[in-house]
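Residue strings, one per chain:
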Amino acid sequence: YIVIPVFMIITMIVLRGYYPHQNFIHFFSIFLIGMFCSRFKDQVIGVVSNKLSILFCFFAICFLIYIEYFEIFKPFGDIHNLFYCAFYLGILKKYDHVIGKIFANFATASFGMYFLHSYIISSIKLLYDKSYGDYFNGTLLNYFIFSVFVIFMSYWLVVGIQKLFG
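Here is what the cut-offs are and how they apply
Residues numbered from 1 in each chain as written. Predicted model: local features only at pLDDT ≥ 70, side-chain atom pairs only at ≥ 80, totals over all residues. Heavy atoms only, no water. Helix = DSSP H or I, 4+ residues; strand = E, 2+ residues; numbered from the N terminus. Buried < 20%, exposed > 50% of the residue type's maximum accessible area, 1.4 Å probe, protein only. Contact = heavy atoms within 4.5 Å. Areas by Shrake-Rupley, 256 points an atom, 1.4 Å probe, with all protein chains shown as cover. Lys, Arg positive; Asp, Glu negative; His and termini not counted. Charge placed at Lys NZ, Arg CZ, Asp CG, Glu CD. Axes fitted to C-alpha atoms, helices over the stretch in contact; angles between N-to-C directions. Left-handed = near helix turned anticlockwise from the far one by under 90°. Nonpolar A, V, L, I, M, F, W, Y, C, P; charged D, E, K, R; others polar. Phe/Tyr/Trp six-rings, centres within 6.5 Å; stacked < 30°, edge-to-face > 60°. Arc of directions from axis to C-beta. Core = buried A, V, L, I, M, F, W, Y, C linked by side-chain atoms within 4.5 Å.

Caption draft 1: Molecular detail of the overall build of the protein. A count of helices and strands for the protein gives 8 helices and 0 strands. Going residue by residue from the N terminus, the α and β elements of the protein occur as α-α-α-α-α-α-α-α. In terms of overall dimensions, the protein has C-alpha extents of about 50 × 40 × 30 Å along its principal axes. Taken over 166 residues, the protein has a buried fraction of 23%. Look at the contacts in the protein between residues 6 or more apart in sequence, and 62% of them connect residues 24 or more apart. Surface summary for the protein: the accessible area is close to 12400 Å², and the carbon and sulfur share equals 72%. Distance from the positive charge centre (11 side chains) to the negative charge centre (7 side chains) of the protein: 12 Å.

Right, dumping it as structure tokens:
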């Protein structure tokens, strides 16, 4: 696990692409971090569930999304996704007694949502492109609205498929 920082740098250098081997190299650090978090789950949750860590992750996400708008900072995209994971893991653990009941259905559908959200995003992009001839402008407000919309569409699609197939 001591090589994770090296692979994080490689992730920022080798960007996502169309070739499987390129994507393997790009996502290998994320895979290693997942293994690390799984192996040291209790310690990781202890760190990310305190209020200061949650606040730090929130500001790191905002900062990385802001600088990612500039093309030169595109390699930081996967780094901000790691902060997303830490942020949400911390929030979910810290406030499990409140949101655990609310999001129980989302947790059940999350695996299906993971696989369907990219198709929903692609469909929306294609529909918008065919309708308006270009992609819509990205702002933080549009990003938030789009994200919430995609999450709920993914959820309702999974629930619909579950009801259809029992």
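That shown, we press on.
Caption draft 2: Here's a closer look at the packing of helix 7 (residues 104-132) against helix 8 (residues 140-165). Where helix 7 meets helix 8, the axes come as close as 7 Å, and the angle between the chain directions of the two elements is 115 degrees. As for how helix 7 packs across helix 8, the hand of that crossing is right-handed. Seen from helix 7, the contacting residues are Asn105, Phe106, Ala109, Gly112, Met113, Leu116, His117, Ile120, Ile121 and Ile124; seen from helix 8, they are Phe146, Phe149, Val150, Ile151, Phe152, Met153, Ser154, Tyr155, Leu157, Val158 and Ile161. Looking at side-chain class alone, the contact of helix 7 with helix 8 contains 17 nonpolar, 4 polar and no charged residues.

Caption draft 3: Seen up close, the packing of aromatic side chains. Counted under the stated rule, the structure contains 7 aromatic pairs. Measuring from ring centre to ring centre gives 4.5 Å for tyrosine 128 and tyrosine 132, while their planes differ by 40 degrees; the resulting arrangement is tilted. Taken together, the residues tyrosine 128 and tyrosine 132, both in helix 7 and 4 residues apart, mark about one turn of the helix. We classify tyrosine 128 as partly exposed; its relative accessible area is 28%. Taken together, a centroid distance of 5.0 Å and an interplanar angle of 70 degrees make the contact between tyrosine 155 and tryptophan 156 edge-to-face. Relative accessible area serves as the criterion here: at 10%, tyrosine 155 is assigned to the buried category.

Caption draft 4: Representation of the packing of helix 1 (residues 4-13) against helix 2 (residues 20-39) within the structure. It is at 7 Å that the axes of helix 1 and helix 2 come closest, and there the two elements cross at 145 degrees. As for how helix 1 packs across helix 2, the hand of that crossing is left-handed. Contacts between helix 1 and helix 2 involve Ile4, Phe7, Met8, Ile10 and Thr11 from the former and Ile25, His26, Phe28, Ser29, Leu32, Ile33 and Phe36 from the latter. A breakdown of the residues in the contact of helix 1 with helix 2 according to their chemical character gives 9 nonpolar, 3 polar and no charged.

Caption draft 5: Region of the structure containing helix 1. Within the sequence span of helix 1, burial applies to Ile4, Met8 and Thr11. The arc enclosing the buried residues of helix 1, seen along the axis, measures out at 55 degrees, which places them on a common side.

Caption draft 6: Structural view of the environment of methionine 8. Along the chain, methionine 8 turns up in helix 1. Setting aside its immediate chain neighbours within four residues, methionine 8 contacts Ser29, Ile33, Ile79 and Leu82.

Caption draft 7: Looking closely at the side chain of serine 154. Here serine 154 shows up in helix 8. The contacts of serine 154, once residues within four sequence positions are left out, are Met113, Leu116, His117 and Ile120.

Caption draft 8: Quick look at the nonpolar core. Formed by Val44, Val48, Ile54, Cys57, Ile61, Tyr84, Ala86 and Phe87, the largest nonpolar core amounts to 8 residues. Excluding anything up to four places from it in sequence, valine 48 contacts Ser53, Ile54, Ala86, Leu89 and Gly90.

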